[in-house]
There are 2 protein chains.
Amino acid sequence: MIEFLNFIPLNLKAMETSTKSLISIEKSKTSKIDKVDFDNLAFGSVFTDHMLVCDYKNGAWENPKIVPYGPITLDPSAKIFHYGQSIFEGMKAYKDIEEAIWLFRPLDNHKRLNISAKRMAIPEIPENYFMEGLSALITLDEKWIPKKAGSSLYIRPFIFASGQGFHASPANEYKFMICLAPSGSYFSGKVKVLIEETYSRSANGGVGYAKAGGNYAGQFYPTQLAIEKGYNQVIWTDDNTHEYIEEAGAMNIFIRINDTLITGPTSDRILDGITRKSIIEIAKDENIKVEVRKITVTEVVEAAKNGSLKEMFGAGTAAVISPISTFGHKGTDYDLPELQESYATRLKNRITDIQYNRAEDKFGWRYKL
Amino acid sequence: MIEFLNFIPLNLKAMETSTKSLISIEKSKTSKIDKVDFDNLAFGSVFTDHMLVCDYKNGAWENPKIVPYGPITLDPSAKIFHYGQSIFEGMKAYKDIEEAIWLFRPLDNHKRLNISAKRMAIPEIPENYFMEGLSALITLDEKWIPKKAGSSLYIRPFIFASGQGFHASPANEYKFMICLAPSGSYFSGKVKVLIEETYSRSANGGVGYAKAGGNYAGQFYPTQLAIEKGYNQVIWTDDNTHEYIEEAGAMNIFIRINDTLITGPTSDRILDGITRKSIIEIAKDENIKVEVRKITVTEVVEAAKNGSLKEMFGAGTAAVISPISTFGHKGTDYDLPELQESYATRLKNRITDIQYNRAEDKFGWRYKL
Ligand SMILES: Cc1ncc(COP(=O)(O)O)c(C=O)c1O
Ligand SMILES: Cc1ncc(COP(=O)(O)O)c(C=O)c1O
């Protein structure tokens, strides 16, 4: 309810005054939309006609501009190229059958962007820049929101250091941008994962809880090694013992043992996923027993051996819920059972029904544009 | 001696054929050099007239081009902006009194760049692209090499993901670039450091040993906090216990207890610094007792208390040797003594004498351009 109350004034504000005054819009003369095959969209590889750009200079964010989507120009000494000072968010816009446009908990993405910003010494973005920017850009490019089931408009807000110089210190200039990519589903089918025993994605006291660019590049090589061994993804474990299960690639992870759904607590090593926390609430609402506690590899292997391991799945905005068919650990593969009535399917249906406005939203998560 | 033998054929190759055939050169019509105050150079904030650009496309590095220094243009979905897939090197070119140009162990920078590349799932750069690129670019902009003592031409080779898309996977296109920045010294004077107890820069199994962009952005916020408390830099400790001393900001660290010089062993959390390994060899050559072993905070605090702690200094290309005057730990500041004859000064003199061709180079580290 609090979230419900929250969004009304913001939205009104955006419509009444600020979109016009805060954000300038330069429309594209032509549209690329006719060239796009909306039935065969990959994930995040086609972009809409416009983008939002907002510069941080002289200690302040300038007014955001919506301009035709196109290349950006930077000095080769811009710190993004050298010191990885960048953060991002991942969101989606959904169209219901009446063509109304919905976001899902966007204020939480704004909050998390600023949590990431702080850790990466990037200036925080005011809430109205973020919310009104989203609103104005998506409204302008709303024809790009795919209607096909499973498809959506993927939204990528990001900030990077555009300020110059080879001194390893925070930049004095930044760019906040939003780009939109009509997208099909992220993964197709169930995934086979490898529990990581050598590499790790984050340190205690590190930046793992931030959506910082470098966290992702660091995962590419270990993931490639896993792919070469026949897996699709890596299950990240803690860097010290490789005994605690932390994340599934770029998703949070859920494990079902008997009828209990377990997920690790967030920490400074783990991203506080919006899908994860929504799934926890929906599962409780479904009277599923949920435990938020540390879960060890040993426990999962034992459960696989004695048959009490029923499901494992990743949860995140891009893939929503990504069921795991098999996990590998120390050279052995463990298959998960094929269930008639899985939590994964039930929870995915509930959350996507809320997202696409096909069902009641008792949590107040939906945000109408 | 092996390194000495190594560089002759490479150098000859560069001069005779390949610079002409491998690398194309488009000269700048004007020079900015007259606008530069070479007596008051900051570190890495003025750039020479040219830069090297080499694109990776369709599975191969294209021929490097030297072009006028200027902005680069990228799609907003280039992976560098989102996933921090970037690596770099830091080197210097020195001019001796006869105007000959020298590099310092450049083949080691090439090797390390490729070690970083592998960890960040970036395609490796062939040795001749790197060496001939350096040689052609520095020769072209050789007037920019400062002659003032302590100044040098800072060289920044770097590679970043220019390929597009929001899928969190390695890019299919990259840019390898080299930029040159005539620079004054990095730090001025002795530094006051804080031994870090909360934050950390790298994980076991992580990317700390790579010169990956994200490692640096992750240090900015903890360093800012230290600066607010009156320190200049952070001493990084292991992420698990904060008991092992690992690096000094973006430098390796040396600690002198009585007459023994101690530095930690490299690991996957620590950058294998070229200055560090050169200092180890020079110190041995000076008959200084050197120990490469883990060193704990407790041991250093004890040594500070009982007076056996004589020196601490950072070592790296940018600052060469950066002596520490004070370290803070758990709310207490420990001052280091002012020595008449410090190892820091002795070792810095020896290494810079080799770098600037003021003394014999018995190790074969100098590389003539
Ligand atoms: C590392 C990581 N974990 C988890 C998630 C899931 O977060 P969310 O549900 O907010 O998309 C993401 C982002 O998608 C992520 O990048
Ligand atoms: C994290 C880190 N440690 C140590 C060093 C020192 O390495 P080198 O002596 O090769 O410059 C650097 C680079 O300067 C660095 O970035």
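Criteria and thresholds
Residues numbered from 1 in each chain as written. Chains lettered and ligands numbered in written order. Predicted model: local features only at pLDDT ≥ 70, side-chain atom pairs only at ≥ 80, totals over all residues. Heavy atoms only, no water. Least-squares fit on C-alpha atoms with pLDDT ≥ 70 in both. Contact = heavy atoms within 4.5 Å. Buried area = accessible area lost by both parts, 1.4 Å probe. Salt bridge = Lys/Arg side-chain N within 4 Å of Asp/Glu carboxyl O. Polar contact = N/O pair within 3.5 Å; in protein donor to acceptor, adjacent residues only side chain to side chain. Helix = DSSP H or I, 4+ residues; strand = E, 2+ residues; numbered from the N terminus. Nonpolar A, V, L, I, M, F, W, Y, C, P; charged D, E, K, R; others polar. UniProt positions renumbered as here; feature names shortened; annotations may be inferred. Near = heavy atom within 4 Å. Areas by Shrake-Rupley, 256 points an atom, 1.4 Å probe, with all protein chains shown as cover. Buried < 20%, exposed > 50% of the residue type's maximum accessible area, 1.4 Å probe, protein only. pLDDT = per-residue confidence, 0-100. 1 Å grid on protein atoms, 1.4 Å probe; cavity = no way out; pocket = protein on both sides within 12 Å on 5 of 7 lines; lining within 4 Å. Points joined across faces, edges and corners; volume = space filled by probe spheres on them. Axes fitted to C-alpha atoms, helices over the stretch in contact; angles between N-to-C directions. Parallel < 35°, antiparallel > 145°, perpendicular 65-115°, else oblique. Left-handed = near helix turned anticlockwise from the far one by under 90°. Phe/Tyr/Trp six-rings, centres within 6.5 Å; stacked < 30°, edge-to-face > 60°.

Overview of the relation of the copies chain A and chain B
Logical step 1: Overlay of chain A on chain B (RMSD 0.0 Å): rotation 180 degrees, translation along the axis 0.0 Å. A rotation of that kind, with that shift, is consistent with a two-fold axis.
Logical step 2: When you check the interface residues of chain A against chain B, 100% turn up at the interface there too, and the contact is symmetric in its surfaces.

Overview of the interface of chain A and chain B
Logical step 1: Of the residues lining the interface, 59 residues belong to chain A; the matching set on chain B comes to 59 residues.
Logical step 2: Between chain A and chain B, a total of about 5,100 Å² is buried, with carbon and sulfur atoms accounting for 62% of that surface.
Logical step 3: For chain A, the biggest contributors to the area lost against chain B are A:Phe81, A:Phe166 and A:Phe220; these three give 15% of the whole.
Logical step 4: The tally of links between chain A and chain B comes to zero salt bridges.
Logical step 5: Summed over the shared surface of chain A and chain B, the number is 22 residue pairs in polar contact (both at pLDDT 80 or more).
Logical step 6: Those elements giving two or more residues to the side of chain A that touches chain B turn out to be strand S5 (72-74), helix H2 (80-83), strand S6 (86-88), helix H3 (106-119), strand S9 (152-161), strand S10 (174-183) and helix H5 (213-228) of chain A.
Logical step 7: Top element by residues in the side of chain A that touches chain B is H5(A). It accounts for nine residues.
Logical step 8: Class assignment for the residues of the side of chain A that touches chain B results in 32 nonpolar, 22 polar and five charged.

Concerning the UniProt feature "modified residue: N6-(pyridoxal phosphate)lysine" (unreviewed entry) in chain A
Residues and elements named next belong to chain A.
Logical step 1: Mapped onto this numbering, the UniProt entry gives "modified residue: N6-(pyridoxal phosphate)lysine" (unreviewed entry) at Lys211.
Logical step 2: Structurally, Lys211 is set in the loop between strand S11 (191-195) and H5.
Logical step 3: For Lys211, the residues in contact, after removing those within four places along its chain, are Ser86, Ile87, Phe88, Glu89, Gly90, Arg112, Ser116, Tyr216 and Leu271.

Topic: the site of ligand 1
All names here are of chain A.
Logical step 1: By nearness alone, 15 residues border ligand 1, and Lys211, Tyr216, Glu247, Thr275 and Thr317 come closest of all.
Logical step 2: A distance of 3.0 Å separates an oxygen atom of ligand 1 from a polar side-chain atom of Lys211.
Logical step 3: Coverage of ligand 1 by the protein chains reaches 95% of its 380 Å² of free accessible surface.
Logical step 4: Counting residues per element, the ones that place at least two in the shell around ligand 1 are strand S14 (251-257), helix H6 (274-285) and strand S17 (309-316).
Logical step 5: Partitioning the shell around ligand 1 into residue classes produces six nonpolar, five polar and four charged.

Quick look at unusual backbone geometry
All names here are of chain A.
Logical step 1: The phi dihedral of Ala121 is positive, around 55 degrees, even though this residue is not glycine.
Logical step 2: Topologically, Ala121 is positioned in the loop between H3 and helix H4 (127-140).
Logical step 3: Here the phi dihedral of Lys330 falls at roughly 45 degrees; this positive angle occurs in a residue that is not glycine.
Logical step 4: In this fold, Lys330 is placed in the loop between strand S18 (320-329) and strand S19 (332-335).
Logical step 5: Taking the relative accessible area as the measure of exposure, Lys330 reaches 61% and is therefore exposed.

Considering the site of ligand 2
Residues and elements named next belong to chain B.
Logical step 1: Around ligand 2 sit 15 residues in total, of which Lys211, Tyr216, Glu247, Thr275 and Thr317 are the nearest.
Logical step 2: For ligand 2, an oxygen atom lies 2.4 Å from a polar atom in the side chain of Tyr216.
Logical step 3: A distance of 2.6 Å is found between an oxygen atom of ligand 2 and a side-chain nitrogen or oxygen belonging to Thr275.
Logical step 4: The protein chains hide 96% of the 380 Å² of surface that ligand 2 would expose on its own.
Logical step 5: When contributions to the shell around ligand 2 are tallied by element, the ones reaching two or more residues are strand S14 (251-257), helix H6 (274-285) and strand S17 (309-316).
Logical step 6: In terms of residue class, the shell around ligand 2 is built from six nonpolar, five polar and four charged.

Considering the confidence of the model for chain A
Logical step 1: Scored by pLDDT, chain A comes out at a mean of 93, with 94% of its residues at no less than 70.
Logical step 2: In this model, residues 1-19 of chain A is a region of pLDDT below 50 whose contacts with residues beyond four sequence positions or in other chains number 27 contacts.

Structural notes on empty space enclosed by the protein
Logical step 1: The full count for this structure, using the stated rule, is five cavities of 30 Å³ or more.
Logical step 2: Roughly 310 Å³ of internal volume is contained in the largest cavity.
Logical step 3: For the largest cavity, the lining is made up of 26 residues, of which A:Arg201, A:Val207, A:Asn215, B:Val207 and B:Asn215 are closest to its centre.
Logical step 4: When contributions to the lining of the largest cavity are tallied by element, the ones reaching two or more residues are H5 of chain A together with helix H5 (213-228) of chain B.
Logical step 5: For the lining of the largest cavity, the leading source of residues is H5(B), giving four residues.
Logical step 6: Residue classes in the lining of the largest cavity are distributed as eight nonpolar, 14 polar and four charged.

Description of the packing of H6(B) against helix H8 (residues 343-355) of chain B
Residues and elements named next belong to chain B.
Logical step 1: At a closest axis distance of 10 Å, the pairing of H6 and H8 adopts a crossing angle of 110 degrees. The pairing of H6 with H8 is recorded here as roughly perpendicular in orientation. Here the hand of the crossing between H6 and H8 comes out right-handed. Note on element contacts: H8 touches H6 through Leu347, Arg350, Ile351 and Ile354, opposite Thr275, Ser278, Ile279, Ile282, Ala283 and Asp285.

Observations concerning the packing of aromatic side chains
Logical step 1: Inspection of the entire model under this criterion finds 44 aromatic pairs over all chains.
Logical step 2: Ring geometry for A:Phe254 against A:Phe313: centres 5.4 Å apart, planes inclined by 20 degrees, an arrangement best described as stacked. Of the two residues, A:Phe254 is situated in strand S14 and A:Phe313 in strand S17; the sequence distance between them amounts to 59 residues. Side by side, A:Phe254 and A:Phe313 carry an identical accessibility label, which is buried.
Logical step 3: The interplanar angle of 75 degrees and the centroid separation of 5.6 Å between the aromatic rings of B:Phe104 and B:Trp365 together place this pair among those described as edge-to-face. On the criterion of sequence distance, the pair formed by B:Phe104 in strand S8 (residues 101-104) and B:Trp365 in the loop between H8 and strand S20 (366-368) is long-range, its members being 261 residues apart.
Logical step 4: Take B:Trp365: its relative accessible area is 2%, and that puts it in the buried class.
Logical step 5: Members of the aromatic cluster, each reached through a chain of ring pairs, are A:Phe43, A:Phe47, A:Tyr69, A:Tyr154 and B:Phe166.

Some remarks on the pattern of salt bridges
Logical step 1: Tallied over the full model, the rule gives 46 salt bridges over all chains.
Logical step 2: Between A:Lys192 and A:Asp333 there is a salt bridge; the shortest N-O distance is 3.4 Å. Of this pair, A:Lys192 sits in strand S11 while A:Asp333 sits in strand S19, and the two are 141 residues apart along the sequence.
Logical step 3: Exposure remark for A:Lys192: the relative accessible area of 25% places this residue in the partly exposed category.
Logical step 4: Taking relative accessible area as the criterion, A:Asp333 reaches 36% and is therefore assigned partly exposed.
Logical step 5: Of the charged contacts in the structure, one is a salt bridge between B:Arg350 and B:Asp285, with a shortest N-O distance of 2.9 Å. With B:Arg350 in helix H8 and B:Asp285 in helix H6, the pair connects residues that are 65 residues apart, well separated along the chain.
Logical step 6: You can call B:Arg350 partly exposed: its relative accessible area is 22%.
Logical step 7: Using a relative accessible area of 28% as the deciding quantity, one classes B:Asp285 as partly exposed.

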